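Single-letter residue listing:
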Amino acid sequence: MALTVKGNPLPNLPWEEKPAGSSELLWRYSANPIVGWNPTPSTARIYNSAVVPFGSGFAGVFRADHKHGKALLHVGFSQDALRWTIDDAVIRWVDEAGKPYDPNYAYDPRVVKIDDTYYIIWCTDFGGAALGLGMTKDFKTFVRLENPVTPFNRNGVLFPRKVGGKYLLLTRPSDSGHTPFGDIFLSESPDLTYWGRHRRVMTRGGSGWWQATKIGAGPIPIETSEGWLLFYHGVSGTCNGFVYSIGAALLDLENPSKVLYRSRDYLLTPEVSYETTGFVPNVCFPCAVLCDAPSRRFALYYGAADTYSAVAFGKVDEVVSWLKANSEVSPVDAVEWRG
Ligand code: BMA
């Protein structure tokens, strides 16, 4: 049976056909990067950011490293998802009682729409790196919710719907520094406040050395008839520091803690100058994907070299077929693993 993608049509998906003769599964937008150095008066670099369809166009929550060096979140809007107008002012949060909350730092946001609400999850300061969770309905008022995890943790990714009646959250337990380890875990919640039934989903390593040091979930998973398509980053430790590449996995639809297929090889690795040269060289860090469900074409948003925002295009059918033929799943990835 032909693969299907659950989701809405996105006729204004940014798109370029694969270059003639290319065998790439992710091909870079020819006008990358879409956001360059010093994009607003107070910010130096905008990257590792999240975009979603909103109104007749798109909205985004952007990680911006300010000229004082710290990372904070900003909102932005676009009609074509390629040319963005990003606020110079940071997002101002209030908690559920209306009290202002300004995170000490905030980075690597993901955004997902569940029912009529956009949920934002990011790395926040909670006595060390942990995950912050908030919501908005209009990208004007932002309400902070309870922190879903204790320190240290990064790369929080919510599923776009409840599974088995529960919200699902992928996380990556870490340390408070540059973390020389990391596997992907899954937790579930009835209400986005209380989290439990933790499972380990995917481990670093295997014969793919590009993901030997650590892995972390990227964009919100795409729901297909064959499983949840998850793009993730994999990190290799080299003499010259970490190298961040992009891989993919297909997770079981009803029990996403089980990995069905997982890429032994990366799909995209730092090769071009805006990925290999910048504030932190050799980083491709995916945080968002837009997908047109009927055509199953997608645009993947990734941060490049901790400096630029970039886009790559692909087709879900091609990635899933390739995954099936080029998969390497470790024994603990293939089962529901609770240790
Ligand atoms: C990770 C995160 C990312 C960053 C990456 C490479 O630990 O801080 O925001 O892109 O390192 O520097």
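Residues numbered from 1 in each chain as written. Predicted model: local features only at pLDDT ≥ 70, side-chain atom pairs only at ≥ 80, totals over all residues. Heavy atoms only, no water.

1. Let's talk about the overall build of the protein
Thinking step 1. Each helix and strand in the protein was counted, giving two helices and 23 strands.
Thinking step 2. A compact globule built from 339 residues would reach a C-alpha radius of gyration of about 20 Å, and the protein, at 18 Å, matches this within 12%.
Thinking step 3. Sequence separation of at least 24 residues holds for 54% of the intrachain contacts in the protein that already meet a minimum separation of 6.
Thinking step 4. Total accessible area computed for the protein in this model is approximately 13700 Å², and 53% of it derives from carbon and sulfur atoms. (Helix = DSSP H or I, 4+ residues; strand = E, 2+ residues; numbered from the N terminus. Rg over C-alpha atoms; globule rule 2.2 N^0.38 Å. Contact = heavy atoms within 4.5 Å. Areas by Shrake-Rupley, 256 points an atom, 1.4 Å probe, with all protein chains shown as cover.)

2. Details of the site of the ligand
Thinking step 1. Looking at the ligand, the residues that line it are Asn48, Arg63, Tyr107, Asp108, Tyr244, Val280, Val283, Phe285 and Asp306.
Thinking step 2. With respect to the ligand, the side chain of arginine 63 contributes an N or O atom lying 2.7 Å from an oxygen atom.
Thinking step 3. Between aspartate 108 and the ligand, the recorded distance is 2.7 Å, taken from a side-chain N or O atom to an oxygen atom.
Thinking step 4. When isolated, the ligand has an accessible area of 310 Å², and the protein chains bury 84% of it.
Thinking step 5. Of the residues that constitute the shell around the ligand, the class distribution is five nonpolar, one polar and three charged. (Near = heavy atom within 4 Å. Polar contact = N/O pair within 3.5 Å; in protein donor to acceptor, adjacent residues only side chain to side chain. Nonpolar A, V, L, I, M, F, W, Y, C, P; charged D, E, K, R; others polar.)

3. Notes on a nonpolar patch on the surface
Thinking step 1. On the surface, Trp37, Phe279 and Val280 cluster together to form a nonpolar patch covering roughly 290 Å² of accessible area.
Thinking step 2. With respect to the helices and strands, the residue valine 280 is situated in the loop between helix H1 (273-276) and strand E21 (284-292). (Patch = residues over 30% accessible without salt bridge, like charges linked within 9 Å, V, L, I, M, F, W, Y side chains within 5 Å. Salt bridge = Lys/Arg side-chain N within 4 Å of Asp/Glu carboxyl O.)

4. Focus on the pattern of salt bridges
Thinking step 1. Applying the stated rule across the entire model yields 19 salt bridges.
Thinking step 2. The shortest N-O distance in the salt bridge between arginine 92 and aspartate 102 comes to 3.1 Å. Of this pair, arginine 92 sits in the loop between strand E5 (85-86) and strand E6 (93-94) while aspartate 102 sits in the loop between strand E7 (100-101) and strand E8 (106-114), placing them 10 residues apart in sequence.
Thinking step 3. Residue arginine 92 is classed as exposed on the basis of its relative accessible area of 56%.
Thinking step 4. Its salt-bridge partner being aspartate 317, residue arginine 296 comes within 2.7 Å of it at the nearest N-O pair. Of this pair, arginine 296 sits in the loop between E21 and strand E22 (297-304) while aspartate 317 sits in helix H2 (residues 316-325); the two residues are 21 residues apart in sequence, bridging distant segments of the chain.
Thinking step 5. Residues joined by salt bridges that share partners form a network here, namely Arg45, Arg63, Asp65 and Asp108. (Buried < 20%, exposed > 50% of the residue type's maximum accessible area, 1.4 Å probe, protein only.)

5. Examining unusual backbone geometry
Thinking step 1. Of note, the amide linkage connecting asparagine 32 to proline 33 takes the cis form, showing an omega dihedral of -5°.
Thinking step 2. Here proline 33 lies in the loop between strand E1 (27-28) and strand E2 (43-54).
Thinking step 3. For the bond from proline 151 to phenylalanine 152, the omega torsion is 0°, close enough to zero to count as cis.
Thinking step 4. Examined against the element boundaries, phenylalanine 152 turns out to sit in the loop between strand E11 (142-144) and strand E12 (153-158).
Thinking step 5. At aspartate 108, a position not held by glycine, the phi torsion is positive, near 50°.

6. Structural notes on H2
Thinking step 1. The complete set of buried residues in H2 reads Val316, Val319, Val320, Trp322 and Leu323. Buried residues of H2, seen end-on, are gathered within an arc of 165° and therefore sit on one face of the element. (Arc of directions from axis to C-beta.)

7. What about the nonpolar core?
Nonpolar side chains in soluble globular proteins tend to be buried together.
Thinking step 1. Counting residues in each nonpolar core, the largest one holds 38 residues, and the members touching the most others are Phe139 and Tyr301.
Thinking step 2. Counting residues per element, the ones that place at least two in this core are E2, strand E3 (57-66), strand E4 (71-78), E8, strand E9 (117-125), E21, E22 and strand E23 (308-315).
Thinking step 3. If near-sequence neighbours (up to four positions away) are discounted, tyrosine 301 is found in contact with Pro14, Ile34, Val51, Ala81, Phe285, Pro286, Cys287, Ala288, Leu290, Ala310 and Val311. (Core = buried A, V, L, I, M, F, W, Y, C linked by side-chain atoms within 4.5 Å.)

8. Things to note about the sheet that holds strand E13 (residues 167-173)
For sheets, the rule is that strands pair by backbone hydrogen bonds, running either parallel or antiparallel.
Thinking step 1. If you walk across this open sheet you meet the four strands as E12-E13-E14-E15, and the pairing is antiparallel. Only two strands of the sheet have a single partner each, and these edge strands are E12 and strand E15 (196-202). Between one strand axis and the next, the sheet turns through 25° on average, direction left out of account. (Pairing = 2+ DSSP bridges. Axes fitted to C-alpha atoms, helices over the stretch in contact; angles between N-to-C directions.)

9. Structural notes on the pairing of E22
Thinking step 1. E22 sits mainly inside the fold: eight of its eight residues count as buried.
Thinking step 2. Neither face of E22 is exposed, since Arg297, Ala299, Tyr301 and Gly303 on one face and Phe298, Leu300, Tyr302 and Ala304 on the opposite face are all buried.
Thinking step 3. As paired elements, E21 and E22 share eight bridges and run antiparallel to each other. For alanine 288, the partnering residue across the bridge sits in E22 and is tyrosine 301.
Thinking step 4. Connecting the antiparallel pair E21 and E22 is a turn made up of four residues, with arginine 296 showing a positive phi of about 60°.
Thinking step 5. Summarising the sheet, E22 and E23 pair through eight bridges and their orientation is antiparallel. Looking at E23, one finds that alanine 304 is bridged to tyrosine 308.
Thinking step 6. The hairpin formed by E22 and E23 contains three residues between the paired strands, and alanine 305 there has a positive phi angle of roughly 55°.

10. Quick notes on the sheet that holds E1
Thinking step 1. Taken in spatial order, the four strands of this open sheet run E1-E23-E22-E21, and their pairing is antiparallel. With partners counted over all chains shown, the strands left at the sheet margins are E1 and E21, one partner each.
Thinking step 2. Lying over the sheet, H2 contacts E1, E21, E22 and E23, oriented at roughly 75° with respect to E23.

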